[in-house]
Amino acid sequence: MTGSGRGGVLVVVATPIGNLEDISPRALRSLAEADLVVCEDTRRTRKLLSAGGVATPPLLSANDHTEAGRVGAVLARLRRGETVAVVSDAGLPGISDPGERLVRAAADAGFEVTVVPGPSAALSALVVSGLPTGRFLFEGFLPRRGAGREERLATLATVEHTIVCYEAPHRLARTLGDLAAALGPDRRVALCRELTKLHEETWRGTLTEAVARVAEVAPRGEYVVVLAGAPEAPVVDDDRLVAAVARLVADGSTTRDAVAEVASAYDVSKRRVYDLATGPEIRLQP
Ligand code: SAM
């Protein structure tokens, strides 16, 4: 299909994460009609298209290393008014996969970018995890080593949303061990394996149990790790803080010392305790 005359269009197309039946009729039509399909692995995309009964359009490979170098060629096609589709090996392009750079370049150059939505391992795992789905953080793959990994783990420990991570099977044991150390042994976790495939399985438990489980049964296949968020810090009400300061002052503390002690005991700011204890309606002498 040549362009509409309004300029080219970049179409981001989702493909199955394991089960070929999950390709949508619109995805197949979009790929068949594209002037060019940018894909990670041309053999894999060819197989997908032939399974869907679609003649293979011209393909251009782009992986993590080569995507930036393909931007010029893709923009040139879009300038000619052509339709360029982007797929990755599985799921949604741009989600821990190539695609993001092409989308940004096309959008920055003023071309229309549109999506044919479909499977993604992250959302599929989230919805079967049994963990809260209302707010979540997609973490993708953790940095493999070094300070970057340490820092990311420390940050994740405080996140109150459900957390979704990708991990390779041979790194799963180490990652679960690191997560248990950083997030605490009792944090709930779901290990979602081989979603949509023959050996699909979702295991749920604590991080300690997960570490034991992968030590017992060697991980095989593709995994998404879904973690419960950090428990919310309990809300301490104002009256309680004022009463605690008053007690300490009655026992002989200065207001200043009492404020510091209460702030630290309840893990709230000194400013808040001080303002409550000495504020206009209140209560104690500064
Ligand atoms: N773009 C893809 C998407 O939207 O899901 C993700 C690509 S990323 C390179 C591959 C990772 O996704 C795997 O290492 C695994 O963590 C996860 N994954 C992909 N397919 C999966 C499946 N069927 N079951 C479980 N995890 C899967």
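Conventions we followed
- Residues numbered from 1 in each chain as written.
- Predicted model: local features only at pLDDT ≥ 70, side-chain atom pairs only at ≥ 80, totals over all residues.
- Heavy atoms only, no water.
- Near = heavy atom within 4 Å.
- Polar contact = N/O pair within 3.5 Å; in protein donor to acceptor, adjacent residues only side chain to side chain.
- Areas by Shrake-Rupley, 256 points an atom, 1.4 Å probe, with all protein chains shown as cover.
- Helix = DSSP H or I, 4+ residues; strand = E, 2+ residues; numbered from the N terminus.
- Nonpolar A, V, L, I, M, F, W, Y, C, P; charged D, E, K, R; others polar.
- Domains from an automatic or database assignment.
- Patch = residues over 30% accessible without salt bridge, like charges linked within 9 Å, V, L, I, M, F, W, Y side chains within 5 Å.
- Salt bridge = Lys/Arg side-chain N within 4 Å of Asp/Glu carboxyl O.
- Buried < 20%, exposed > 50% of the residue type's maximum accessible area, 1.4 Å probe, protein only.
- Pairing = 2+ DSSP bridges.
- Core = buried A, V, L, I, M, F, W, Y, C linked by side-chain atoms within 4.5 Å.

### Quick notes on the site of the ligand
For step 1, the next point in the chain: Lining the immediate environment of the ligand, one finds 19 residues, of which Ile95, Asp97, Ser120, Ala121 and Tyr223 sit closest.
For step 2, the next point in the chain: Contact distances for the ligand include 3.4 Å between an oxygen atom and a backbone N or O atom of Glu167.
For step 3, the next point in the chain: One of the side-chain N or O atoms of Glu222 is found 3.3 Å from a nitrogen atom in the ligand.
For step 4, the next point in the chain: Calculation on the ligand without its partners gives an accessible area of 570 Å², and the protein chains cover 91% of this total.
For step 5, the next point in the chain: If you list the elements that add at least two residues to the shell around the ligand, you get strand S7 (162-167) and strand S10 (223-227).
For step 6, the next point in the chain: When the residues that make up the shell around the ligand are grouped by side-chain class, the tally is 11 nonpolar, three polar and five charged.
For step 7, the next point in the chain: Shared between two domains, the shell around the ligand takes at least three residues from each, and those domains are domain 1 (9-119) and domain 2 (122-227).

### Some thoughts on a nonpolar patch on the surface
For step 1, the next point in the chain: Together, Ile95, Leu123, Phe136 and Phe138 make up an exposed nonpolar region whose accessible area comes to about 310 Å².
For step 2, the next point in the chain: Judged by relative accessible area, which is 35%, Phe136 ranks as partly exposed.

### As for the pairing of strand S8 (residues 188-193)
For step 1, the next point in the chain: Most of S8 sits out of view: five of its six residues are buried.
For step 2, the next point in the chain: Strand direction decides the pairing type here: S8 and strand S9 (residues 201-206), joined by six bridges, are antiparallel. Of the residues in S9, the one forming a bridge with Arg193 is Glu201.
For step 3, the next point in the chain: Here S8 runs beside S10; their pairing, made up of five bridges, is antiparallel. Residue pairing across strands places Cys192 opposite Val224, the latter belonging to S10.

### Things to note about the nonpolar core
For step 1, the next point in the chain: Judged by nonpolar contacts, the single largest core of 20 residues is most densely connected at Leu176, Leu179, Val189, Leu191, Leu207, Val225 and Leu227.
For step 2, the next point in the chain: Elements supplying a minimum of two residues to this core: helix H6 (146-158), S7, helix H7 (172-183), S8, helix H8 (207-216) and S10.
For step 3, the next point in the chain: Per element, the largest residue contribution to this core is five residues, and it comes from H7.
For step 4, the next point in the chain: Judged by nonpolar contacts, the second largest core, of 17 residues, contains Ala27, Val54, Ala85 and Val87.

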